[in-house]
Amino acid sequence: LCSFVINIVEYYDIVTTVEPKRQALREANEQLAEANSKLKAVTVHVAELKSKLAILTADLEEANASKQEAMDAVDRGERKLNLAQRLTNALTSENERWGENVETLRKKSKLLTGDVLLASAFLSYAGPFSKPFRQHLVENVFKPFLLQGFRDAAAAGSYDVD
């Protein structure tokens, strides 16, 4: 009986020591399960946020690429506009010279038939001769004759030498 009582006392000491530890273990396991469930929820939320971030990052990169493309198009357009304005300004300054050329060509067009007639007559007459003799005819005979005829016509007022 004494041994029974000693064992019961030891059992009581062990139970009083172990029971609070078992209860603390149970509470720690409950806290661990609760923390694990919260961790799982947070992990799922983080994964969702990462996927949203990846989508937003892709959209941002696409928007930046589109913006850069638009800015490049604007730069190209501005360069073309600048070149077009420079060309327009250059052509505007040429307008006066072109007007003068048109007037000169109109005056010369009135004389075209006569010039063609003179050239064909000279070719018909001087064609069979050698090149040095044709040059002599042009320089020493034909040009002085024509210039004198133009001066006489201008003096008479029927032709403008210029």
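As a reminder, the structure under discussion sits directly above these lines.
Residues numbered from 1 in each chain as written. Predicted model: local features only at pLDDT ≥ 70, side-chain atom pairs only at ≥ 80, totals over all residues. Heavy atoms only, no water.

## What to know about the overall build of the protein
Quick reminder of the rule: Segments assigned H or I by DSSP are reported as helices when at least four residues long, segments assigned E as strands when at least two residues long, and all are numbered from the N terminus. In this scheme, a residue with accessible area under 20% of its type's maximum is buried, one over 50% is exposed, and one in between is partly exposed, where area comes from a 1.4 Å probe on protein chains only. The charge count treats Lys and Arg as positive and Asp and Glu as negative. His and the chain ends do not count. To locate a charge, take NZ of a lysine, CZ of an arginine, CG of an aspartate or CD of a glutamate.
Assigned secondary structure in the protein consists of two helices and zero strands. Each principal axis of the C-alpha distribution contributes one length, and for the protein these read about 170 × 40 × 20 Å. Every one of the 162 residues in the protein was classed for burial, and the buried ones make up 2%. Both charge centroids of the protein, one from 21 positive and one from 23 negative side chains, sit 9 Å from each other.

## Digging into the packing of aromatic side chains
Between two aromatic rings, the relevant description is the distance of the centres plus the angle of the planes. Selection rule: The aromatic pairing rule takes the rings of Phe, Tyr and Trp, using the six-membered ring of Trp, and pairs them if the centres are within 6.5 Å, calling planes under 30 degrees apart stacked, those over 60 edge-to-face and the rest tilted.
Evaluation of the coordinates by the stated rule reveals three aromatic pairs. Summarising the aromatic geometry, the rings of Phe 122 and Phe 142 are spaced 5.1 Å apart at their centres and angled 40 degrees between planes, so their arrangement reads as tilted. Of this pair, Phe 122 sits in helix 1 (residues 2–126) while Phe 142 sits in helix 2 (residues 131–156), placing them 20 residues apart in sequence. Seen in terms of ring centroids, Tyr 125 and Phe 129 are 5.9 Å apart; in terms of plane orientation they differ by 65 degrees. Their pairing is edge-to-face. A relative accessible area of 56% places Tyr 125 in the exposed class. For Phe 129, a relative accessible area of 33% corresponds to the partly exposed category. An aromatic cluster is defined as three or more aromatic residues linked by ring pairs; in this entry it consists of Tyr 125, Phe 129 and Phe 133.

## Considering the pattern of salt bridges
Definition in use: For this analysis, a salt bridge means a side-chain nitrogen from Lys or Arg found within 4 Å of a carboxyl oxygen belonging to Asp or Glu.
On inspection of all chains with the given rule, the structure shows four salt bridges. In this structure, Lys 38 and Glu 34 form a salt bridge, with 3.6 Å as the shortest nitrogen-oxygen distance. Pair noted here: Lys 38 and Glu 34 are both in helix 1, with a separation of four residues, about one helical turn. Judged by relative accessible area, Lys 38 falls into the exposed class, the value being 51%.

## Considering a negative patch on the surface
Put simply, the rule reads: Like-charged residues within 9 Å of one another, or nonpolar side chains (Val, Leu, Ile, Met, Phe, Trp, Tyr) within 5 Å, are grouped into patches, provided each residue has over 30% relative accessible area and no salt bridge. With residues, only the protein chains shown are counted as cover, and all accessible areas are computed by Shrake-Rupley using a 1.4 Å probe.
On the surface, a cluster of negative charge is made up of Glu 69, Asp 72, Asp 75 and Glu 78. Examined against the element boundaries, Glu 78 turns out to sit in helix 1.

## Examining the packing of helix 1 against helix 2
Note the following rule: Where helices are involved, their axes are fitted lines through C-alpha atoms of the stretch in contact, as for all axes, and angles between N-to-C directions lie from 0 to 180°. Oblique is the label for every angle not falling under 35 degrees (roughly parallel), over 145 degrees (roughly antiparallel), or within 65 to 115 degrees (roughly perpendicular). In this scheme the handedness of a crossing depends on how the near helix is turned from the far one: anticlockwise by less than a right angle means left-handed, clockwise means right-handed. Working rule for contacts: check all heavy atoms of both residues, and any pair within 4.5 Å makes them a contact. The nonpolar class holds Ala, Val, Leu, Ile, Met, Phe, Trp, Tyr, Cys and Pro. Asp, Glu, Lys and Arg form the charged class, and all remaining residues, Gly among them, are polar.
Axis separation between helix 1 and helix 2 bottoms out at 12 Å; the angle between their running directions is 140 degrees. Relative to helix 2, the element helix 1 lies oblique. The crossing of helix 1 and helix 2 is right-handed. When helix 1 is examined against helix 2, the residues Leu 118, Phe 122, Tyr 125 and Ala 126 are found in contact with a partner set consisting of Arg 134, Leu 137, Val 138, Phe 142 and Leu 146. The class makeup of the residues in the contact of helix 1 with helix 2 is eight nonpolar, no polar and one charged.

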